[in-house]
Amino acid sequence: MLCLGIESSCDETALALVQDGHLLGSVLASQADVHALFGGVVPELASREHYRYIGPLFDELMSRCRRRAADINLVSVARGPGLLGSLLVGVAFAKGLALGLGARFLGLNHLHAHLLAVGLEQTLAFPCLGLLVSGGHTHIYRMEAPWRCLPLGRTLDDAAGEAFDKVGKLLGLAYPGGRLMDALARAGRADARLFPRPYLDNDNLDFSFSGLKTAAAAYIERYLDGSWPRPLHCVEDAPQALKDCCASFNLAVVDTVCVKVERALDRQPDLRTLIVAGGVAANTLLRERMAELMRRRDGKFLAPSPALCTDNAAMTAYAGWLLGGAGFYHDLRMEAIPRGRVAPEDMLRHAGQLQSEERRLS
Ligand code: KG4
Ligand code: ZN
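Small disclaimer: the values here were computed from a predicted structure and weren't measured.

## Concerning the sheet that holds strand β2 (residues 12-19)
Backbone hydrogen bonds are what pair the strands of a sheet, in a parallel or an antiparallel way.
Next, step 1: Taken in spatial order, the five strands line up as β3-β2-β1-β4-β5 in an open sheet, and their pairing is mixed. With partners counted over all chains shown, the strands left at the sheet margins are β3 (22-30) and β5 (104-109), one partner each. Each neighbouring strand pair of the sheet contributes to a mean axis angle of 20 degrees, computed without reference to strand direction.
Next, step 2: With six bridges connecting them, strand β4 (residues 74-80) and β5 associate as parallel partners. The residue of β5 that forms the bridge with V75 is F105.
Next, step 3: Contacts between helix α2 (residues 43-64) and the sheet are confined to β1 (2-7), β2 and β3, with β2 contributing the most and set at about 25 degrees to the helix.
Next, step 4: Against the sheet, helix α3 (residues 84-101) engages β1, β2, β4 and β5, with an angle of about 160 degrees to β4.

And the structure:
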């Protein structure tokens, strides 16, 4: 089965083709430079950029992969959560293609696609615990199957990536600041007493990073003199005090996430595998600590390589291939889901028909 994946939920326009579980190719246009001028994503600009790039990117992908549009069996698209205008560009493009080609159509939960991405590189094992740490979301799931992700905890305010980016902005780092903060942290000395580990004094699996952000803002205002080039693009231009501050902040976020993940694993003793996904899963310390945590528990740690952690369409095409292969699809009435609304479990499923169709297509 040849599956096209389309991703346009935030500020990356991306398309990819997956055939029989293998990535044939992917293309991506990042809008980071456009939004960097404003220090954050401007939704109206984002939709316009998606609209500008999506058609040419599709043509480029098909010619790079030497496939014809008529070869596509399934069009899968991120239906949300995300910016509504951005999602609508991808969803409308996907629906038009599926209709015109007579291909099957599937709208995916963008967060579930993040969690499944590692299947392109390593063998997935279910049931498992899924930690999704991205710019907009910090969620913990019990994953029963690729199509069954049960939420156990979520952020009540800022997501981990959002906290990195907002503190990065206060520090004058180029947007989005998460990746540079990671690099600065590696060159700094962390002081574990500097910042709080927020929202741990409870027995739930939710997160709240807004207090940590406020503590970081107060520290920056009081103790850092701000004498470095703004926006800061590289570690070499940063003074030691800035690197140390990033290291301490990074440690506070990672410690906090570790406590809740360990708590989730204690409560779900049958789960022997942990998947970490989303943009913040590229974070060096987070990966080290999660790997160590699973080693200690004699379990398995899975995380996609950094390029597959941040938004991309390889994950959308792969998740589409997995779910489409299991018979899931949508009809063209499927709606895009903006951030803040929970994506409904409204996939339709062919069962018996599926194996014979798979045989015919392969
Ligand atoms: O998953 P993603 O590409 O977009 C969303 O779906 O939100 O995640 C983007 C987020 C941004 O907040 C970015 O700063 C953060 O991931 N990020 C990182 C790192 N690389 C990206 N945060 C910490 N350390 C990193 N290495
Ligand atoms: Zn994402």
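## Concerning the sheet that holds strand β8 (residues 148-154)
Next, step 1: With respect to topology, five strands assemble into an open sheet ordered β8-β7-β6-β9-β10, the strand pairing being mixed. Bordering the open sheet on either side are β8 and β10 (300-302), each of which pairs with just one other strand. Sheet twist, expressed as the mean angle between neighbouring strand axes with direction ignored, is 25 degrees.
Next, step 2: Where strand β9 (residues 273-277) and β10 come together, three bridges link them in parallel fashion. Bridge pairing in β10 places I275 opposite L302.

## Thoughts on the coordination of the zinc ion (ligand 2)
Next, step 1: With distances of 2.0 to 2.1 Å, the protein atoms coordinating the zinc ion (ligand 2) are H110 (NE2), H114 (NE2) and D311 (OD).
Next, step 2: What the four donor atoms of the zinc ion (ligand 2) show is an angle range of 94 to 138 degrees at the metal, which sorts the shape as irregular.

Cut-offs used in this document
Residues numbered from 1 in each chain as written. Chains lettered and ligands numbered in written order. Predicted model: local features only at pLDDT ≥ 70, side-chain atom pairs only at ≥ 80, totals over all residues. Heavy atoms only, no water. Pairing = 2+ DSSP bridges. Helix = DSSP H or I, 4+ residues; strand = E, 2+ residues; numbered from the N terminus. Axes fitted to C-alpha atoms, helices over the stretch in contact; angles between N-to-C directions. Contact = heavy atoms within 4.5 Å. Donors = N, O, S within 2.8 Å, 3.2 Å for Na, K, Ca; no water. Tetrahedral: all angles 85-135°; square planar, octahedral: opposite > 155°, others 65-115°.

Take it as geometry only, folks, not as evidence of what the structure does.
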